[in-house]
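Now for the letters of each chain:
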Amino acid sequence: MSDARPILFFDSGVGGLSVVAPTQALLPRAPIVYAADSAGFPYGTRSEGEIAARVPALLGRLVERYRPRLVVIACNTASTIALPAVRAALDVPVVGTVPAIKPAAAMSATRVIGVLGTEATVRQPYVDDLAARFAGDCTVLRHGSAALVELAEAALAREAPSPDAVAAELQGLFGQPEGGRIDVIVNACTHVPLLEPQMAAVAPAGVRFVDGGPGIARRIAALTDAQDWPESAPPARLAFTRLGERERRIAAGLAARGFATAEAL
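Residues numbered from 1 in each chain as written. Predicted model: local features only at pLDDT ≥ 70, side-chain atom pairs only at ≥ 80, totals over all residues. Heavy atoms only, no water.

Quick word on the overall build of the chain
Secondary structure summary: the chain contains 11 helices and 10 strands in total. Relative to a compact globule of 265 residues, whose C-alpha radius of gyration would be 18 Å, the chain shows 18 Å and is just as compact. Seen through its principal axes, the chain has C-alpha atoms that stretch 55 × 40 × 35 Å. The burial tally for the chain puts 53% of its 265 residues in the buried class. Sequence-distant contacts in the chain: of pairs separated by 6 or more residues, those separated by 24 or more amount to 76%. In the form shown here, the chain has an accessible surface area of approximately 11000 Å², with 53% of it arising from carbon and sulfur atoms. Each charge class in the chain can be summarised by its mean position, and for the 25 positive and 26 negative side chains these summaries are 4 Å apart. (Helix = DSSP H or I, 4+ residues; strand = E, 2+ residues; numbered from the N terminus. Rg over C-alpha atoms; globule rule 2.2 N^0.38 Å. Buried < 20%, exposed > 50% of the residue type's maximum accessible area, 1.4 Å probe, protein only. Contact = heavy atoms within 4.5 Å. Areas by Shrake-Rupley, 256 points an atom, 1.4 Å probe, with all protein chains shown as cover. Lys, Arg positive; Asp, Glu negative; His and termini not counted. Charge placed at Lys NZ, Arg CZ, Asp CG, Glu CD.)

Shown next, in the form of C-alpha cells:
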C-alpha cells in the first residue's frame, strides 16, 4: 500500500537542503516537506532560551499540519539546544543534526581540525562533549559565523557570494593559533555545505570539509526501512513562517530542485 506521509525537514532557513539532497538520493520516492522558520531566522544569533522555547512549539504546529512519518531538525543550532524537548513533545520519531567531529578526527593527519558553525552552536557544551569523546588527541578550533549563513541564503536567492567574503570568514579559523595546521573543517551548520565549492576555492590546498548530511540521510533511511512509499515522489513542498520578497526569491531558485510553490505557515 502507498503511504503518502512526508518526511518533515525543519531549519531556521534553507541550510537544511544540505540534508534533504542526500536523503532524496537514498529515498527517491519519499514525499518531502521543507519548513523554514524565516520569521525567526537566523537562529545562530538568538539566545538559547529563545530557541528552546520557539522550536518545540513551532514543530508541534508543523506536525499537526503535515502529519509526517518522521521529523528532521536539519539545523545544528536547534538540535544542540532543543532536541530533547522536541522529542519529549512529539509523538513521531525526531532526527537531529550533530556536528561531524568524529569523522573529521578520523580524517585528520595534522590532528588540528576546525569547527565552522553559528555562534550559538560552537559555544554549546554538546560540542565540548563531542570534541572530548571523539577528538581528544586533536586541537579543535572553532569559529562562529553569522555571515556564512547569510551568504548561503543569498546564494539560493541567486546572489553569488563574494570570494573575499567567504575567505574572510574562513580566516576566523585559519587566523587562530595553530589554525595554519587545520586539514579538516567540520561544517557544523547545515547552511555551510551549500558554500563548500566557494570555500574550497579559497581555502589552503589540501583542506577537506565534512558535514553530517550523508550520515543523517542514512539514519532516516534506517528509521523508515520497510515502510511504504508512493509509487513516485510528489513535488517537494516548501513552507516559510514569513513569506516575503526574500523568501519568494529563494523559492524561485529552488523550483529547479523540484520544490513546488512556497506556502506560508
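Text resumes after the structure shown.
Regarding helix H3 (residues 76-89)
Its 14 residues give H3 an end-to-end C-alpha distance of 19 Å, which sits within 8% of 20 Å, the value for a rise of 1.5 Å per residue. Every buried residue of H3 is accounted for by Asn76, Thr77, Ala78, Ser79, Thr80, Ile81, Ala82, Leu83 and Val86. The inward-facing, buried residues of H3 contact helix H2 (48-66), strand S3 (70-73), strand S4 (94-95), helix H5 (119-122) and helix H6 (125-134). (Expected span 1.5 Å × (residues − 1).)

Details of helix H10 (residues 213-223)
All of the buried residues in H10 are Gly213, Ile216, Ala217 and Ile220. Angularly, the buried residues of H10 cover 100° about the axis, an arc narrow enough to put them on a single face. Buried residues in H10 make contact with strand S1 (7-11), helix H1 (17-26), S3 and S4. (Arc of directions from axis to C-beta.)

Overview of the pattern of salt bridges
The tally for this structure, following the rule as stated, stands at 14 salt bridges. Ionic pairing is found between Asp37 and Arg54, a salt bridge with its closest N-O pair at 2.5 Å. Here Asp37, found in the loop between strand S2 (32-36) and H2, pairs with Arg54, found in helix H2; they are 17 residues apart in sequence, far enough to count as distant. Across the pair Glu153 and Arg246 runs a salt bridge, and its minimum N-O distance is 3.5 Å. Of the two residues, Glu153 sits in helix H7 (residues 146-156) while Arg246 sits in helix H11 (residues 245-254), which places them 93 residues apart along the sequence. What makes Glu153 buried here is its relative accessible area of 3%. By relative accessible area, which is 28% here, Arg246 ends up partly exposed. The network of salt bridges with common partners includes Asp3, Arg5 and Arg69. (Salt bridge = Lys/Arg side-chain N within 4 Å of Asp/Glu carboxyl O.)

Digging into the environment of Asp3
Relative to the assigned elements, Asp3 resides in the segment before S1. Residue Asp3 is classed as buried on the basis of its relative accessible area, which comes to 17%. Considered as a pair, Asp3 and Glu231 are 228 residues apart in the sequence and their alpha carbons are 9.3 Å apart. Contact partners of Asp3, with chain neighbours within four places excluded, come to Arg69, Asp228, Trp229 and Pro230. There is a polar contact of 2.8 Å between the side chain of Asp3 and the side chain of Arg5. (Polar contact = N/O pair within 3.5 Å; in protein donor to acceptor, adjacent residues only side chain to side chain.)

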